[in-house]
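Close look at the chain arrangement
What follows is each chain in one-letter form.
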Amino acid sequence: MKIVVIGGTGLIGSKVVAKLGELGHEAVPAAPNTGVNTITGEGLAEALAGASVVVDVSNAPSWEDTAVLEFFQTSTRNQLAAEEAAGVGHHVALSVVGTERLPESGYFRAKVAQEKLIEGSSIPFSIVHATQFFEFVQGIADAGADGDTVRMAPVLFQPIAGDEVAQALVGVSVGSPVNGRVEVAGPERLPMDEFFRNALAALGDPREVVTDPHARYFGAELSERSLVPGDGAVLGELKYADWLDRTRSGK
């Protein structure tokens, strides 16, 4: 099949393109640096010509409340319109576990808006809800930083390797549309403060992790299960410590 990957040159997208290619599919990376802009529409119709599936793993360049909402709404509307014109039969989108539970965050409100557009379109769809990526651990810590400390809530946390997110997206994209959501998460579930205490130590980061029940996650206060999936989630196999070892050894 021809499968177009929106955001196909980024962290997850490049992995999806490679894995689809290994399976013999024609995987087309679509991003501004390949001449496809989902905000302006530039190159979109040409990229989607003859495509059976579109996988959207793109992310907003700015997470400011208004900008991020405008990005996801405009990009998704343009994609869906181009897909309808091209006869695409399956729209796959990457989103975040707990999106609907975090309305205080402008980013997650924007993801909810994206998902509503997908659900309201005529195109069969699958939405993959993933937990936080191992690759973003340092960035999440930086977002919770307060000087030499990092404030984290003692809520459940179940991050996953980006490679396993990509593998899940590939499986969904070559299958039949579920017209609903699939949740994917890592194999270990730990309190978020404990995870970051261990992770920063492993990274050689000297900052102290302070347990703070009111610590916010990208603008949202968390409850115990805000960031973890429900029963029936697809679980990865790679633990954070093993992933870090692999990353350091270049495997």
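Data block above holds the structure.
All of the points below concern the structure found in this document. Worth saying up front: this structure is predicted, and the values here are computed from it rather than measured.

Describing the packing of aromatic side chains
The final tally for this structure, using the stated rule, is 15 aromatic pairs. With a centroid separation of 5.2 Å and 65 degrees between ring planes, the pair formed by W63 and F218 is classed as edge-to-face. With W63 in the loop between β3 (53-56) and α3 (65-86) and F218 in the loop between β12 (216-217) and β13 (220-221), this pair connects stretches of sequence that are 155 residues apart. Judged by relative accessible area, F218 falls into the partly exposed class, the value being 30%. Ring geometry for F157 and F196: centres 5.3 Å apart, planes at 45 degrees, overall tilted. Of this pair, F157 sits in strand β8 (residues 156-157) while F196 is found in helix α7 (residues 192-203), placing the two residues 39 residues apart along the sequence. The exposure class assigned to F196 is buried, which follows from its relative accessible area of 0%. Among the aromatic residues, those joined into a ring-pair cluster are W63, F71, F72, Y107, F108, Y217 and F218.

A few points about the nonpolar core
Counting residues in hydrophobic clusters, the biggest one holds 33 residues, and the most contacted among them are M192, F196 and Y240. At the level of elements, α3, α4 (106-120), α5 (137-143), β7 (149-152), α7 and α8 (240-249) are the ones that each hand at least two residues to this core. The element contributing the most residues to this core is α7, with 5 residues. In this view, F196 contacts V137, I140, A141, M152, F157 and V209; residues no more than four positions away in its chain are not counted. Counting residues in hydrophobic clusters, the runner-up holds 23 residues, among them I12, V128, I160 and V170.

Notes on the pattern of salt bridges
This model, assessed by the stated rule, comprises 11 salt bridges. A salt bridge links R151 to D146; the nearest nitrogen and oxygen atoms lie 3.5 Å apart. In this structure, E221 and R216 form a salt bridge, with 3.9 Å as the shortest nitrogen-oxygen distance. Among the charged side chains, a salt-bridge network with shared partners connects E104, R216 and E221.

Remarks on the sheet that holds strand β5 (residues 125-130)
Taken in spatial order, the 7 strands of this open sheet run β2-β1-β3-β4-β5-β9-β14, and their pairing is parallel. Strands with a single pairing partner mark the edges of an open sheet, and in this sheet they are β2 (26-30) and β14 (234-235). As paired strands, β3 and strand β4 (residues 90-96) are joined by 4 bridges and run parallel to one another. When the bridges of β4 are listed, V55 appears paired with V92. Of the strands in this sheet, β1 (2-6), β2 and β4 are in contact with helix α1 (residues 11-22), which crosses β1 at around 170 degrees.

Here's the deal with the environment of S62
Relative to the helices and strands, S62 resides in the loop between β3 and α3. Measuring from C-alpha to C-alpha, the distance between S62 and Y107 comes to 9.5 Å, with 45 residues separating the pair along the chain. S62 has contacts with A67 and V68, leaving out every residue within four places of it along the chain. A distance of 3.2 Å separates the side chain of S62 from the backbone nitrogen of E64, its partner in a polar contact.

Rules of the game
Residues numbered from 1 in each chain as written. Predicted model: local features only at pLDDT ≥ 70, side-chain atom pairs only at ≥ 80, totals over all residues. Heavy atoms only, no water. Phe/Tyr/Trp six-rings, centres within 6.5 Å; stacked < 30°, edge-to-face > 60°. Helix = DSSP H or I, 4+ residues; strand = E, 2+ residues; numbered from the N terminus. Buried < 20%, exposed > 50% of the residue type's maximum accessible area, 1.4 Å probe, protein only. Core = buried A, V, L, I, M, F, W, Y, C linked by side-chain atoms within 4.5 Å. Contact = heavy atoms within 4.5 Å. Salt bridge = Lys/Arg side-chain N within 4 Å of Asp/Glu carboxyl O. Pairing = 2+ DSSP bridges. Axes fitted to C-alpha atoms, helices over the stretch in contact; angles between N-to-C directions. Polar contact = N/O pair within 3.5 Å; in protein donor to acceptor, adjacent residues only side chain to side chain.

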